[in-house]
Amino acid sequence: MFILHSIPATLAMTLFSYVCGRITGHQFREPQLLNHLIRTSALKLAPSNRQWLGWLVHFLFGIFFAGLMLFSENLFNFSLNVLNTILIGFLAGILGIIGWQLMFFLNPDPPKIHLRNFYLQLIVAHIIFTTTVVLLQTLE
């Protein structure tokens, strides 16, 4: 069921990123950033910024994070109350930052974006993601 929860959660966090990008004038649109990274990598793919491949990769990461959340909840046997949800979202944001930093570092032509602002909004976006997953779990 976490796969179904990851879809609206990924959409919610992405909407937040798009709104933050619009307000600040910075590039926070993860699917477009992923398309740029794919296009400038050693892969033989050349998606434009508007193609679906970045969205697919973004949703796959969402499924991964939702699964990791469920796995952690079961492994460590904790309840997903408000504080734990925010903490897990923060930790997921840190993991996201590490992942993005690694992708930027390994790419021969990473996008020119304001990393500090991107990473700050990424933490909040992951808190939105985990909150959405938890809310959807409680509605079951």
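Read on for a plain summary of the structure. (Residues numbered from 1 in each chain as written. Predicted model: local features only at pLDDT ≥ 70, side-chain atom pairs only at ≥ 80, totals over all residues. Heavy atoms only, no water.)

### As for the environment of T10
As for its placement among the helices and strands, T10 is situated in helix 1 (residues 2-24). For the pair T10 and F61, spaced 51 residues apart in sequence, the C-alpha separation works out to 8.7 Å. Residues within four places of T10 in sequence aside, it is in contact with H58, F59, G62 and F129. (Helix = DSSP H or I, 4+ residues; strand = E, 2+ residues; numbered from the N terminus. Contact = heavy atoms within 4.5 Å.)

### What to know about the side chain of Q121
Here Q121 shows up in helix 5 (residues 115-138). Q121 sits in the buried class, given a relative accessible area of 5%. In this structure Q121 touches F16, S17, C20, F28 and E30, once residues within four positions along its chain are discounted. (Buried < 20%, exposed > 50% of the residue type's maximum accessible area, 1.4 Å probe, protein only.)

### A look at the pattern of salt bridges
Counting across every chain of the model gives 1 salt bridge. Note that K112 and D109 form a salt bridge whose closest N and O atoms lie 3.4 Å from each other. Assessed through its relative accessible area of 71%, K112 is described here as exposed. (Salt bridge = Lys/Arg side-chain N within 4 Å of Asp/Glu carboxyl O.)

### What about the packing of helix 3 (residues 52-76) against helix 4 (residues 82-106)?
Relative to each other, helix 3 and helix 4 sit at 135°, their axes nearing to 12 Å. Between helix 3 and helix 4, the crossing angle belongs to the class labelled oblique. For the pair helix 3 and helix 4, the sense of crossing is right-handed. Residues F65, L68 and M69 of helix 3 form the contact with helix 4, whose own contacting residues are I88, A92, L95 and G96. Of the residues belonging to the contact of helix 3 with helix 4, the class tally is 6 nonpolar, 1 polar and no charged. (Axes fitted to C-alpha atoms, helices over the stretch in contact; angles between N-to-C directions. Parallel < 35°, antiparallel > 145°, perpendicular 65-115°, else oblique. Left-handed = near helix turned anticlockwise from the far one by under 90°. Nonpolar A, V, L, I, M, F, W, Y, C, P; charged D, E, K, R; others polar.)

### Examining the nonpolar core
If you look at the biggest cluster of nonpolar residues, it comprises 13 residues, and the most contacted ones within it are W100, F104, F118, Y119 and L122. Secondary structure elements with two or more residues in this core: helix 2 (30-39), helix 4 and helix 5. Tallying contributions element by element places helix 5 first for this core, with 4 residues. If we skip the residues at most four places from it in the chain, W100 touches E30, L33, L34, L37, F118, Y119 and L122. Counting 12 residues, the second-largest nonpolar core is a separate cluster that includes A9, L80, I88 and F129. (Core = buried A, V, L, I, M, F, W, Y, C linked by side-chain atoms within 4.5 Å.)

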